[in-house]
Protein chains: 2
Amino acid sequence: MDKRAANCIDNERSVFSTLTAEEKNILSENCSCANYKKGEIIYKEGDKPTGLICLSTGKVKIYKEGVGGREQIVRMAKPVGFIGYRALFAGENYIASAQAIEDSTVCIFDKEILFGLLKSNFSLTMSIIQSLASELGFSNSRTVTLTQKHIRGRLAESLLFLKSTYGVEEDGETLKVYLSREDVANLSNMTTSNAIRTLSSFSQEGVIALNGRKIKLLDTKMLNKISELG
Amino acid sequence: MDKRAANCIDNERSVFSTLTAEEKNILSENCSCANYKKGEIIYKEGDKPTGLICLSTGKVKIYKEGVGGREQIVRMAKPVGFIGYRALFAGENYIASAQAIEDSTVCIFDKEILFGLLKSNFSLTMSIIQSLASELGFSNSRTVTLTQKHIRGRLAESLLFLKSTYGVEEDGETLKVYLSREDVANLSNMTTSNAIRTLSSFSQEGVIALNGRKIKLLDTKMLNKISELG
DNA sequence: AATAAATTGTGTTTTTAAACATTAATTTCA
DNA sequence: TGAAATTAATGTTTAAAAACACAATTTATT
């Protein structure tokens, strides 16, 4: 079996990992895999979903284009996890775009095969429901913080979000994801200038340390405080 | 059968309407109904869901409290439709509160009975998935517009949203929902003063007409233009 | 009906963050 | 390697919306 597909199916983080060998076989025989270089687009707003995309390795940002082309990152995907599954299950075209922020591999599972599997596997279906429901909660919370918190609060929250999503290096401090200042800004609903400015304020205050795109979270308690204060 | 329950189950807008008579019976025998006066709270952020709440009659706003108690309306519910189902299916406590904005009646279906029904009814389960996925798309889009559009754009969008949700009176223009200026503001991510001010600008421009809490959308084309422009 | 309470309306001030402008530092790649 | 392109950094100006203050009106309550 393709290594990338095997990872999407068997990895402990995959909802497919508890399937029977037979079910896994059906999936692996009805999927196609692809590689994306850093910066490449996986799908664009308006495209029609062709199947269920699973991120096998790498990191992907999901973003929407808003007023005047300004982008807002609505989700950061990590392996193993689905991307673009919302549109597939809503029966809609994509309302956001997906771009690899580092070299990534994905597998696309056939839609009909998947739905057939769901029909006979209740717990798999419930785990889809659970994911959608959790993500909806996250999105609602995000709406409120992005609209109500001030710049410092929004940035602090984003940094903590990145930590909880991608984790940290062995030193326990360095974020395991390297974003451009522009991406940090697009995640936090601010201009690039303001992201740069506020990051360097945090750095001067000793809450974080900056080294190019490497960000160390030195004082997560303080970041939490800044985030909660708004 | 209780009139309120019957409506939740049989109404053509209900996902339960296509169930078998037997399934409908099981549901109706395992539900309890309640009435809420305008202004009463149905559940609060942090509460634990006890079952699936269905709005039988009336109108309900779902909102989150943000920085400094400032509230953001994340959804407006209409009959027949579920409220609080996100938390139930995510297996979480409520992350938002629900308040009747006019006299309302609801039915609460037993959680275990419901899950049992889902297990044996794939199309019902898929309609839940579809709802969650659609609402997630709506929420993501909302995040972008609330953060990126300017006040006029946000208000115009909210007015159009209210029209698409609750419709209009026989005159084809008057919104079929009466919100306080504060609620309009909390829906549109702005202060009450700004909601009042911007509504009266729209009124002066002839795009809408105001009569107390009654709002007539006189020029929806223009509202669309204002909304799209940001 | 009288009073209190809540909501609506409007002007003014202040704050925040966007927009703009420019320079410096990195990357990219021809 | 060196020029071009991209990204990062920082100061200044401008615009948007919040905060504040207060008056007017409407709604609820006794």
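Residues numbered from 1 in each chain as written. Chains lettered and ligands numbered in written order. Predicted model: local features only at pLDDT ≥ 70, side-chain atom pairs only at ≥ 80, totals over all residues. Heavy atoms only, no water.

1. As for the domain arrangement of chain A
Residues and elements named next belong to chain A.
Moving on, step 1. What the domain assignment reports for chain A is domain 1 (3-123) and domain 2 (146-229).
Moving on, step 2. Averaged C-alpha coordinates put domain 1 and domain 2 at centres separated by 27 Å.
Moving on, step 3. At the boundary of domain 1 with domain 2, total buried surface from both sides reaches about 1100 Å², with 52% on carbon and sulfur atoms.
Moving on, step 4. Its largest share of buried area at the contact with domain 2, domain 1 owes to Q72, I73 and M76, together 43% of the area lost on that side.
Moving on, step 5. The interface formed by domain 1 and domain 2 holds 1 salt bridge in total.
Moving on, step 6. Taken together, the connections running from domain 1 to domain 2 amount to 9 residue pairs in polar contact (both at pLDDT 80 or more).
Moving on, step 7. Secondary structure elements with two or more residues in the side of domain 1 that touches domain 2: β4 (60-65) and β5 (71-77).
Moving on, step 8. Residues of the side of domain 1 that touches domain 2, tallied by class, amount to 5 nonpolar, 1 polar and 6 charged. (Domains from an automatic or database assignment. Buried area = accessible area lost by both parts, 1.4 Å probe. Salt bridge = Lys/Arg side-chain N within 4 Å of Asp/Glu carboxyl O. Polar contact = N/O pair within 3.5 Å; in protein donor to acceptor, adjacent residues only side chain to side chain. Helix = DSSP H or I, 4+ residues; strand = E, 2+ residues; numbered from the N terminus. Nonpolar A, V, L, I, M, F, W, Y, C, P; charged D, E, K, R; others polar.)

2. So, the interface of chain B and chain A
Moving on, step 1. If you look at the interface, chain B gives 39 residues, while chain A gives 39 residues.
Moving on, step 2. Overall, the association of chain B and chain A removes approximately 3700 Å² of surface from exposure, summing both partners, and the carbon and sulfur fraction of that is 70%.
Moving on, step 3. Considering only the surface of chain B that becomes buried against chain A, F122, L136 and Q148 of chain B emerge as the three largest contributors, covering 18% of it.
Moving on, step 4. Counting across the chain B and chain A interface gives 0 salt bridges.
Moving on, step 5. At the junction of chain B and chain A, the tally comes to 14 residue pairs in polar contact (both at pLDDT 80 or more).
Moving on, step 6. Every element with two or more residues in the side of chain B that touches chain A is listed here: β5 (71-77), α3 (85-90), α4 (111-119) and α5 (122-148) of chain B.
Moving on, step 7. Top contributing element to the side of chain B that touches chain A by residue count: α5 of chain B, with 20 residues.
Moving on, step 8. Partitioning the side of chain B that touches chain A into residue classes produces 17 nonpolar, 14 polar and 8 charged. (Contact = heavy atoms within 4.5 Å.)

3. As for the protein's contact with DNA strand C
Moving on, step 1. Residues in close proximity to DNA strand C total 16 residues, the closest being I151 and N194 of chain A together with R181, R197 and R213 of chain B.
Moving on, step 2. By atom count, sugar and phosphate contribute 71% of the portion of DNA strand C lying within 4 Å of the protein.
Moving on, step 3. The side chain of R197 of chain B places a nitrogen or oxygen atom 3.1 Å from a base oxygen of DNA strand C.
Moving on, step 4. Breaking the surface near DNA strand C down by element, the ones donating at least two residues are α6 (151-166) and α8 (192-204) of chain A together with α7 (181-188) and α8 (192-204) of chain B.
Moving on, step 5. Residue composition of the surface near DNA strand C, by class: 3 nonpolar, 7 polar and 6 charged. (Near = heavy atom within 4 Å.)

4. A few points about the sheet that holds strand β6 (residues 81-83) of chain B
All names here are of chain B.
Moving on, step 1. Strand order in the open sheet formed by 4 strands is β1-β8-β3-β6, and the pairing between neighbours is antiparallel. Looking at strand neighbours, the two that pair on one side only are β1 (31-36) and β6, the edges of this open sheet. Averaged over all adjacent pairs, the angle separating strand axes in this sheet is 35°, with direction ignored.
Moving on, step 2. Relative to strand β8 (residues 104-110), strand β3 (residues 51-57) runs antiparallel, the two being bridged by 6 bridges. From the neighbouring strand, C54 faces β8, where its bridge partner is C107. (Pairing = 2+ DSSP bridges. Axes fitted to C-alpha atoms, helices over the stretch in contact; angles between N-to-C directions.)

5. A closer look at the relation of the copies chain B and chain A
Moving on, step 1. Note on the copies: chain B fits chain A at an RMSD of 0.0 Å, the axial shift is 0.0 Å, and the rotation between them is 180°. The symmetry that links the two subunits is that of a two-fold axis. (Least-squares fit on C-alpha atoms with pLDDT ≥ 70 in both.)

6. Here we look at the sheet that holds strand β4 (residues 60-65) of chain B
Consider a sheet: its strands pair through backbone hydrogen bonds, and that pairing is either parallel or antiparallel.
Moving on, step 1. Strand order in this open sheet of 4 strands is β2-β7-β4-β5 (chain B), and the pairing throughout is antiparallel. Whereas interior strands pair on both sides, the edge strands pair on one side only; in this sheet they are β2 (41-43) and β5 of chain B. Adjacent strand axes in the sheet meet at a mean angle of 30° when their direction is disregarded.
Moving on, step 2. The pairing of β4 of chain B with β5 of chain B spans 6 bridges and is classified as antiparallel. Bridge pairing in β5 of chain B places K61 of chain B opposite M76 of chain B.
Moving on, step 3. Along the sheet face, helix α5 (residues 122-148) of chain A touches β4 and β5 of chain B and points at about 145° away from the line of β5 of chain B.

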